[in-house]
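# Geometric and topological summary
Chain by chain, the residues run as shown.
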Amino acid sequence: MTGAGESVINNPGRRRASGPGALGLVLGHPFDTVKVRLQTQTTYQGIIDCMVKTYRHESLLGFFKGMSFPIVSIAVVNSILFGVYSNALLVLTATSHQERRAQPPSYTHVFIAGCTGGFLQAYCLAPFDLIKVRLQNQTEPRAQPGSPPPRYQGPVHCAASIFQAEGPRGLFRGAWALTLRDTPTLGIYFVTYEWLCRQSTPDGQNPSSATVLVAGGFAGITSWVTATPLDVIKSRMQMAGLEQRAYRGLLDCVVSSVRQEGLGVFFRGLTINSARAFPVNAVTFLSYEYLLHSWG
Ligand SMILES: CN(C)C(=N)NCCC[C@H](N)C(=O)O
């Protein structure tokens, strides 16, 4: 890693941080599992209660359910997100990566490019996210002999049984809510990042590693705070059709959730998600800046 003062960008010779996105994801996955359970199940009183019950019932492994697919998909989804963002900025501002520091794009262009990336990555993410949420919500303990097996034996079996039961469209359950969640919030994600970087970097210079990490972390938190209400709805749409009744659509899910649990339902999992979002996105932006400039 580079020293805080040095800029990550001007040290192309530094060893490439291998798979930081995946590392961030592994560390963040237990938080994500607790978030999903708080959002879709009413049996937990809160974060600690969910953690204690999960650990008691399913041991430490319970926190890592549904992780294998996101490990694979996060690299693809992030490269689509950042690739589309970068190229959309190129099209909008007609400046190359190198010129970007000298002629920074307007926040409007950053927002539009971020929304474009958010929209396109959402559809690629949808099937992977559905399978992750379905597996994370399997609260059976490790299969003991004689105990009924969980509904899904793993990510591939989960995908196959959804496909068999509902056809290809079944794999896109909740995709509309996911797209509505990600499109505006990823515009916010990149605007927050760019704004924070520029606040602490002299004009025309590249941000230091420390700046990139802090700006990326707060971009993650800001975007997840604005994404949480639709994140709750998305998770519920993805779980609908199993035990609890299927909703007649996104609006029905919103109305019945508010009716049953009040407006607070929209902020389920916000705290734990924000705690997770800082390190995960700090690392994500650091590797993005690194790749951008080692390719630049
Ligand atoms: C608010 N949203 C949906 C986002 N910021 N998405 C992009 C970053 C997602 C990152 N891999 C993470 O898991 O936080």
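Rules and cut-offs
Residues numbered from 1 in each chain as written. Predicted model: local features only at pLDDT ≥ 70, side-chain atom pairs only at ≥ 80, totals over all residues. Heavy atoms only, no water. UniProt positions renumbered as here; feature names shortened; annotations may be inferred. Core = buried A, V, L, I, M, F, W, Y, C linked by side-chain atoms within 4.5 Å. Buried < 20%, exposed > 50% of the residue type's maximum accessible area, 1.4 Å probe, protein only. Helix = DSSP H or I, 4+ residues; strand = E, 2+ residues; numbered from the N terminus. Domains from an automatic or database assignment. Contact = heavy atoms within 4.5 Å. Buried area = accessible area lost by both parts, 1.4 Å probe. Salt bridge = Lys/Arg side-chain N within 4 Å of Asp/Glu carboxyl O. Polar contact = N/O pair within 3.5 Å; in protein donor to acceptor, adjacent residues only side chain to side chain. Nonpolar A, V, L, I, M, F, W, Y, C, P; charged D, E, K, R; others polar. Expected span 1.5 Å × (residues − 1). Bend = angle between axes of the 7 residues up to and from the residue. Patch = residues over 30% accessible without salt bridge, like charges linked within 9 Å, V, L, I, M, F, W, Y side chains within 5 Å. Areas by Shrake-Rupley, 256 points an atom, 1.4 Å probe, with all protein chains shown as cover. Phe/Tyr/Trp six-rings, centres within 6.5 Å; stacked < 30°, edge-to-face > 60°. Near = heavy atom within 4 Å. 1 Å grid on protein atoms, 1.4 Å probe; cavity = no way out; pocket = protein on both sides within 12 Å on 5 of 7 lines; lining within 4 Å. Sits in = over half its atoms within 2 Å of the grid points.

Looking up the chain in an unreviewed UniProt entry gives the name Solute carrier family 25 member 45, with the organism given as Vicugna pacos. You can read under Subcellular location (unreviewed entry) in the UniProt record for the chain the words "Mitochondrion inner membrane".

## Remarks on the nonpolar core
Proteins that are soluble and globular tend to have nonpolar side chains buried together. If you look at the biggest cluster of nonpolar residues, it comprises 19 residues, and the most contacted ones within it are Phe82, Tyr85, Tyr189, Phe190, Tyr193 and Phe285. Of all elements in the fold, only α3 (68-93), α5 (107-136), α7 (175-199), α8 (209-239) and α10 (270-295) reach the threshold of two or more residues within this core.

## Some words on the domain arrangement of the chain
Where the parts come together, the accessible area they lose is often given as the size of the interface. Looking at the chain, the domain boundaries give domain 1 (24-65), domain 2 (68-138 + 153-200) and domain 3 (216-295). Between domain 1 and domain 2, the C-alpha centre-to-centre distance is 24 Å. On the domain 2 side, the residues contacting the 11 residues of domain 1 number 9 residues. Per-residue buried area on domain 1 facing domain 2 is highest for Leu25, Val36 and Lys65; these three make up 53% of the total on that side. At the boundary of domain 1 and domain 2, one finds 1 salt bridge. A salt bridge links Asp32 to Lys132; its shortest N-O distance comes to 2.5 Å. Taken together, domain 1 and domain 2 are joined by 9 residue pairs in polar contact (both at pLDDT 80 or more). The class makeup of the residues in the side of domain 1 that touches domain 2 is 3 nonpolar, 4 polar and 4 charged.

## Comments concerning unusual backbone geometry
With the exception of glycine, the majority of residues adopt a negative phi angle, and the majority of peptide bonds are in the trans configuration. Residues other than glycine seldom take positive phi values, yet Ser59 does so here, at roughly 60°. Counting through the fold element by element, Ser59 comes out in the loop between α2 (47-58) and α3. Classification of Ser59 as partly exposed rests on a relative accessible area of 31%. Notably, Ala94 is not glycine yet its phi reads approximately 50°, a positive angle.

## What to know about α5
For α5, which comprises 30 residues, the first-to-last C-alpha distance of 37 Å sits more than 12% below the rise-based estimate of 44 Å (1.5 Å per residue). Along α5, the sharpest change in direction is near 45° and occurs at Leu125; proline Pro127 comes one to four residues later.

## A short note on a nonpolar patch on the surface
A contiguous nonpolar surface patch, about 400 Å² in accessible area, is contributed by Tyr123, Phe172, Trp176 and Leu180. We classify Tyr123 as partly exposed; its relative accessible area is 38%.

## Remarks on the packing of aromatic side chains
Scanning the entire structure with this criterion turns up 12 aromatic pairs. Ring geometry for Phe82 against Phe190: centres 5.3 Å apart, planes inclined by 80°, an arrangement best described as edge-to-face. In this pair, Phe82 is assigned in helix α3 and Phe190 in helix α7, connecting sequence segments 108 residues apart. Summarising the burial analysis for this pair, Phe82 and Phe190 share the class buried. Taking 5.2 Å as the distance between ring centres and 85° as the angle between the ring planes, the aromatic pair formed by Phe218 and Phe278 counts as edge-to-face. Placement of the pair is Phe218 in helix α8 and Phe278 in helix α10, with a sequence separation of 60 residues. Exposure remark for Phe218: the relative accessible area of 41% places this residue in the partly exposed category. Overall, the relative accessible area of 27% leaves Phe278 in the partly exposed class.

## Thoughts on the site of the ligand
The immediate surroundings of the ligand are formed by Ile74, Arg181, Asp182, Thr185, Leu186, Tyr189, Ser223, Trp224, Ala227, Arg276, Val280 and Asn281. In this structure, an oxygen atom belonging to the ligand sits 2.8 Å away from a side-chain N or O atom of Trp224. Spatially, the ligand is embedded in the largest cavity. Those elements that place two or more of their residues in the shell around the ligand are α7, α8 and α10. Taken together, the residues that form the shell around the ligand break down as 6 nonpolar, 3 polar and 3 charged.

## Quick notes on the pattern of salt bridges
Per the stated rule, a full pass over the model turns up 15 salt bridges. We note a salt bridge from Asp129 to Lys234, for which the minimum N-O separation is 2.6 Å. Here Asp129, found in helix α5, pairs with Lys234, found in helix α8; they are 105 residues apart in sequence, far enough to count as distant. Judged by relative accessible area, which is 1%, Lys234 ranks as buried. For Glu261, the salt bridge identified is with Arg268, shortest N-O distance 2.7 Å. For Glu261, a relative accessible area of 24% gives the class partly exposed. Arg268 sits in the partly exposed class, given a relative accessible area of 24%. Connected through shared salt-bridge partners, Asp32, Lys35, Asp129, Lys132, Arg181, Asp182, Asp231 and Lys234 make up one network.

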